[in-house]
Amino acid sequence: ELKEIVFIIQSQSNSFHSKRAEDLKRDILKQAADLGKELPTVLLIHQMNRREGAWTILPLMRDLSVTYGGNSSWIFFCEEDTRIQVVKLLETLGRFDTSKEWFLGKALYDEESTIIHHYAFAENPTVFKFPDFAAGWALSIPLVNKLANKLKSEPLKSDFTIDLKHEIALYIWQKGDGPHLTPVPEFCTDDANSHKVNHCATTFSNFLPLCGEPVKKEDVFVAVKTCRKFHGDRIPIVKQTWEREAALIEYYSDYAEISIPTIDLGVPNTDRGHCGKTFAILERFLNQSSSRIPWLVIVDDDTLISIFRLRKLLSCYDPSEPVFLGERYGYGLGTGGYSYITGGGGMVFSRMAVQKLLASKCRCYSMDAPDDMVLGMCFSGLGIPITHSPLFHQARPMDYPKDYLSHQIPVSFHKHWNIDPVKVYFTWLAPNTEDSLHEKKAAYNREDL
């Protein structure tokens, strides 16, 4: 029965994202009403639990077990851009015995062991499957109850959340004592308009959001963090690739080199975090750039980014809100920690966010503290949620499953290690690659990228 499914949309509180999640909720309930069925429960994750770590899902298991463990059969999770055919979903879930422990989804796997998964299953990373959240994924109530009991006796360790879909699959698997992910072919990430989706219960259509005209080039200020030892090898890559897309760009270093040119912020380079440098950039943006510039982007000198696509993405956000956007990681979220935007993929700030941050007097506890984590702590303390976009990437294309990247038009990748960064840029990120991206992705050569 439809009423035995609890739908949970992995929503965010930013106005653009919450509206999309509300639209999906309405669509699910309308489909249910049109069927003449008793309406299911549809929940938005950002409204369920005000705790910082609700997006990591496992902290919700005990509440889900207590509230729905007695009268539901499935918890079905999806993203705000997942599209659901309710009738087909009912048929699909109906194939499974709900008295058993099931973990269902569209299976992703690593082709090579990767740093973002701590090199798990290094001998053969293809053996471990984890769900593509974009296609939706489901837990049977007996499994939810089991996870809730385990969490009662063994609280989540305070550690990093880097790739949630992989980490949830690892937690459920319990080193072989729990269920593996069961692949469900009806959970799809093809576009809803594709000829391939007749059998699909779910589809996914959001390659790159665009909400009207892209923001103007002159509305995006780009700050590149560098240091003297990388002037010779990393900066030329930026100039060969994405610099031409930026109308306003400055390079911040520990040494002023006129030929680039770099600006010496008076902050010595550190081997570890770059908190001092980042806060100096934020102060400079607020005090020395035109107050008419609504957006600041801070990237590393080995970040590859499409400013062209970022301008499209930013058309969906209101710069009068405090927006802090990028790829979301978490630290210590099982025990109250904080979320943060990981710096390598690029950190995007609305001017309002920078104003609120600097007015708060929250600052680096040391000059070499990790800037992205300190920013996460500061915004968490201010009650300003960070906004996650999966289109920013802390690692290289080869570090992600091909099938995961196939439903994205990415905004950034990071690191030049063991790749040709110019080739990666022109294959994945250059403005003219939009139309041919899917063919290129299907055929890309791992050795080259």
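Quick notes on the rules
Residues numbered from 1 in each chain as written. Predicted model: local features only at pLDDT ≥ 70, side-chain atom pairs only at ≥ 80, totals over all residues. Heavy atoms only, no water. Pairing = 2+ DSSP bridges. Helix = DSSP H or I, 4+ residues; strand = E, 2+ residues; numbered from the N terminus. Contact = heavy atoms within 4.5 Å. Axes fitted to C-alpha atoms, helices over the stretch in contact; angles between N-to-C directions. Patch = residues over 30% accessible without salt bridge, like charges linked within 9 Å, V, L, I, M, F, W, Y side chains within 5 Å. Areas by Shrake-Rupley, 256 points an atom, 1.4 Å probe, with all protein chains shown as cover. Salt bridge = Lys/Arg side-chain N within 4 Å of Asp/Glu carboxyl O. UniProt positions renumbered as here; feature names shortened; annotations may be inferred. Buried < 20%, exposed > 50% of the residue type's maximum accessible area, 1.4 Å probe, protein only. 1 Å grid on protein atoms, 1.4 Å probe; cavity = no way out; pocket = protein on both sides within 12 Å on 5 of 7 lines; lining within 4 Å. Points joined across faces, edges and corners; volume = space filled by probe spheres on them. Nonpolar A, V, L, I, M, F, W, Y, C, P; charged D, E, K, R; others polar. Domains from an automatic or database assignment. Phe/Tyr/Trp six-rings, centres within 6.5 Å; stacked < 30°, edge-to-face > 60°. Lys NZ or Arg CZ within 6 Å of the ring centre and 35° of its normal. Polar contact = N/O pair within 3.5 Å; in protein donor to acceptor, adjacent residues only side chain to side chain.

**Topic: the sheet that holds strand S14 (residues 262-264)**
No. 1: Strands sit in the order S14-S13-S12-S15-S20-S17-S21 across an open sheet of 7 strands; the sheet is mixed. Looking at which strands have only one partner, the edges of the open sheet turn out to be S14 and strand S21 (387-388).
No. 2: Note that strand S13 (residues 248-253) and S14 share 3 bridges and pair parallel. By the bridge assignment, Tyr251 is partnered in S14 with Thr262.
No. 3: Relative to strand S15 (residues 295-300), helix H8 (residues 275-288) is tilted by about 155°, and along the sheet it contacts strand S12 (220-225), S13, S14, S15 and strand S20 (347-350).
No. 4: Helix-sheet contacts for helix H10 (residues 351-359) involve S15 and S20, and the interaxial angle to S20 is about 85°.

**Describing a nonpolar patch on the surface**
No. 1: A cluster of nonpolar side chains, Ile115, Tyr119 and Trp417, forms an exposed patch at the surface whose accessible area comes to about 340 Å².
No. 2: Here Tyr119 lies in the loop between strand S6 (107-108) and strand S7 (130-131).

**Brief notes about the UniProt feature "domain: Fringe-like glycosyltransferase" (unreviewed entry) in the chain**
No. 1: Here, UniProt's "domain: Fringe-like glycosyltransferase" (unreviewed entry) annotation points to residues 70-152 and 214-424.
No. 2: A distance of 24 Å separates the end C-alpha atoms of residues 214-424, which is 27% helix and 21% strand.

**Some thoughts on unusual backbone geometry**
Glycine aside, a negative phi is what most residues show, and trans is what most peptide bonds show.
No. 1: Following Ile260, the chain continues into Pro261 via a peptide bond in cis, with omega recorded as -10°.
No. 2: When you line up the elements, Pro261 lands in the loop between S13 and S14.
No. 3: The backbone of Ile57 sits at a positive phi, close to 70°, despite the residue not being glycine.
No. 4: Its identity is not glycine, yet Lys175 carries a phi of approximately 55°, on the positive side.
No. 5: On the secondary structure map, Lys175 appears in the loop between helix H6 (164-173) and strand S10 (182-183).
No. 6: By relative accessible area, which is 78% here, Lys175 ends up exposed.

**What to know about empty space enclosed by the protein**
No. 1: This model, assessed by the stated rule, comprises 2 cavities of 30 Å³ or more.
No. 2: The space that makes up the largest cavity amounts to roughly 730 Å³.
No. 3: Glu79, His388, Ser389, Pro390 and Tyr404 are, among the 39 residues lining the largest cavity, the residues nearest its centre.
No. 4: Mapped by element, the contributors of at least two residues to the lining of the largest cavity are helix H1 (15-34), H6 and strand S18 (328-331).
No. 5: When residues of the lining of the largest cavity are assigned to their parent elements, the largest contribution, 3 residues, is made by H1.
No. 6: Partitioning the lining of the largest cavity into residue classes produces 19 nonpolar, 11 polar and 9 charged.
No. 7: The two domains that each donate at least three residues to the lining of the largest cavity are domain 1 (2-204) and domain 2 (217-445).
No. 8: For the second largest cavity, the lining is made up of 11 residues, of which Asp110, Glu111, Met398, Tyr400 and Pro401 are closest to its centre.
No. 9: Class assignment of the residues belonging to the lining of the second largest cavity gives a composition of 4 nonpolar, 1 polar and 6 charged.
No. 10: Residue-level mapping places the lining of the second largest cavity at the junction of two domains, with at least three residues from each of domain 1 (2-204) and domain 2 (217-445).

**A few points about the packing of aromatic side chains**
No. 1: The final tally for this structure, using the stated rule, is 22 aromatic pairs.
No. 2: Pairwise contacts between aromatic rings join Phe160, Tyr329, Tyr331, Tyr338 and Tyr340 into one cluster.
No. 3: One Lys or Arg, Lys165, reaches over the ring of Tyr404 and ends 4.1 Å from the middle of that ring.
No. 4: Here Arg328 stacks its cationic end above the ring of Trp55, 4.0 Å away from the centre of that ring.

**Things to note about the pairing of strand S8 (residues 137-140)**
No. 1: The side-chain alternation of S8 yields two buried faces, one formed by Trp137 and Leu139 and the other by Ala138 and Ser140.
No. 2: Summarising the sheet, strand S3 (residues 74-78) and S8 pair through 4 bridges and their orientation is antiparallel. Residue pairing for S8: Phe77 is matched across the bridge by Trp137.
No. 3: Examined bridge by bridge, strand S5 (residues 103-105) and S8 share 3 bridges and lie antiparallel to one another.

**Some remarks on the side chain of His231**
No. 1: Within the secondary structure, His231 is located in the loop between S12 and helix H7 (235-240).
No. 2: A distance of 3.0 Å separates polar atoms of two side chains, one belonging to His231 and the other to Glu257.
No. 3: If we skip the residues at most four places from it in the chain, His231 touches Thr226, Pro236, Ser253, Tyr255, Glu257, Ile260 and Thr262.

**Observations concerning the environment of His274**
No. 1: Relative to the helices and strands, His274 resides in the loop between S14 and H8.
No. 2: Considered as a pair, His274 and Met367 are 93 residues apart in the sequence and their alpha carbons are 6.6 Å apart.
No. 3: With residues near it in sequence (within four places) discarded, His274 still touches Lys225, Asn269, Met367, Ala369 and Asp371.
No. 4: Reaching out from His274, the side chain makes a polar contact with the backbone oxygen of Arg272 at a distance of 3.2 Å.

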